[in-house]
Amino acid sequence: MLKKLARWLRIFGAKTDFIPSTMRDSQILKMMREKKNRSKILLTQDVQLHERAKLKGFQSFLVPREVPVEEQVAAVLKEFSLSLDDFPANTLCPSCNGELRIAKKSEVKGKVHENVYKAHRKFWLCGKCGKAYWEGTHWERIGEAAKRVNRLLREKE
Ligand SMILES: [Zn+2]
């Protein structure tokens with residue numbers, strides 16, 4: 001359910017792990033107890049899980065249901081006093097949280113579709129999974145989404 005939110009949070013620079021919905025609540029809470037996860041915040045739409053996590057002293061946030069993903073993103077950013085001030089410089093790979101770096105065009109040859117390669121100049125590569133990104137139509141969509149999120153952040157102040 002929250003996979004989309006996770007991808008957007010990464011795009012906006014927040015490192016986000018995604019927990020598959022097959023994982024049981026007890027497993028999730030056990031995972032939260034691990035040292036490497038101590039500083040992480042649980043994002044869930046499950047009221048029961050949220051309450052249980054809070055009781056155990058973990059940071060948890062109940063993500064609003066049935067609203068567009070931009071509203072969910074804005075709610076999360078607002079709750080944790082985050083902004084889009086560093087966007088897009090801080091954008092993380094939406095698939096794996098890896099850092100993106102500007103790539104030379106020659107580096108992405110063979111990694112992207114021939115048409116994409118021909119049509120674009122600006123490319124990025126993920127330092128972790130090696131996925132290539134470019135300033136195409138989806139980048140425009142991302143910019144539009146960022147504007148909507150910013151508007152929502154200002155509205156709710
Ligand atoms: Zn990646």
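Coordinates for the structure precede this section.
Residues numbered from 1 in each chain as written. Predicted model: local features only at pLDDT ≥ 70, side-chain atom pairs only at ≥ 80, totals over all residues. Heavy atoms only, no water.

Draft legend 1. How the structure looks around the packing of helix α2 (residues 25-33) against helix α3 (residues 47-55). The interhelical angle for the contact between α2 and α3, taken along N-to-C directions, is 35 degrees, at an axis separation of 11 Å. Crossing of α2 over α3 shows right-handed handedness. On the side of α2, the interface is formed by Asp25, Ser26, Ile28 and Leu29, while α3 contributes Leu49, Arg52 and Ala53. Its residues assigned to classes, the contact of α2 with α3 comprises 4 nonpolar, 1 polar and 2 charged. (Axes fitted to C-alpha atoms, helices over the stretch in contact; angles between N-to-C directions. Helix = DSSP H or I, 4+ residues; strand = E, 2+ residues; numbered from the N terminus. Left-handed = near helix turned anticlockwise from the far one by under 90°. Contact = heavy atoms within 4.5 Å. Nonpolar A, V, L, I, M, F, W, Y, C, P; charged D, E, K, R; others polar.)

Draft legend 2. Looking closely at the coordination of the zinc ion. Protein-derived ligands of the zinc ion are Cys93 (SG), Cys96 (SG), Cys126 (SG) and Cys129 (SG), with the metal-ligand distances lying across 2.3 Å. Classification of the site at the zinc ion rests on its 4 donor atoms, whose angles at the metal span 99 to 114 degrees, yielding the label tetrahedral. Here the donor residues for the zinc ion map to a single chain with the spacing C-x2-C-x29-C-x2-C. In this pair, Cys96 sits in the loop between α4 (69-79) and β3 (100-103) while Cys126 sits in strand β4 (residues 123-126), placing the two residues 30 residues apart along the sequence. The class for Cys96 is buried, based on a relative accessible area of 18%. Judged by its relative accessible area of 5%, Cys126 falls in the buried class. (Donors = N, O, S within 2.8 Å, 3.2 Å for Na, K, Ca; no water. Tetrahedral: all angles 85-135°; square planar, octahedral: opposite > 155°, others 65-115°. Buried < 20%, exposed > 50% of the residue type's maximum accessible area, 1.4 Å probe, protein only.)

Draft legend 3. Region of interest: the environment of Leu92. Note that Leu92 resides in the loop between α4 and β3. We classify Leu92 as buried; its relative accessible area is 11%. Ignoring anything within four residues of it in the chain, the contact list for Leu92 reads Arg10, Ile11, Gly13, Ala14, Lys15, Asn97, Gly98, Glu99 and Leu100.

Draft legend 4. Structural detail: the side chain of Thr91. Take Thr91: it is sitting in the loop between α4 and β3. Of note is the side chain of Thr91, whose polar atom sits 2.8 Å from the backbone oxygen of Ile11. One polar contact links the side chain of Thr91 to the main-chain carbonyl oxygen of Pro88, over a distance of 3.0 Å. (Polar contact = N/O pair within 3.5 Å; in protein donor to acceptor, adjacent residues only side chain to side chain.)

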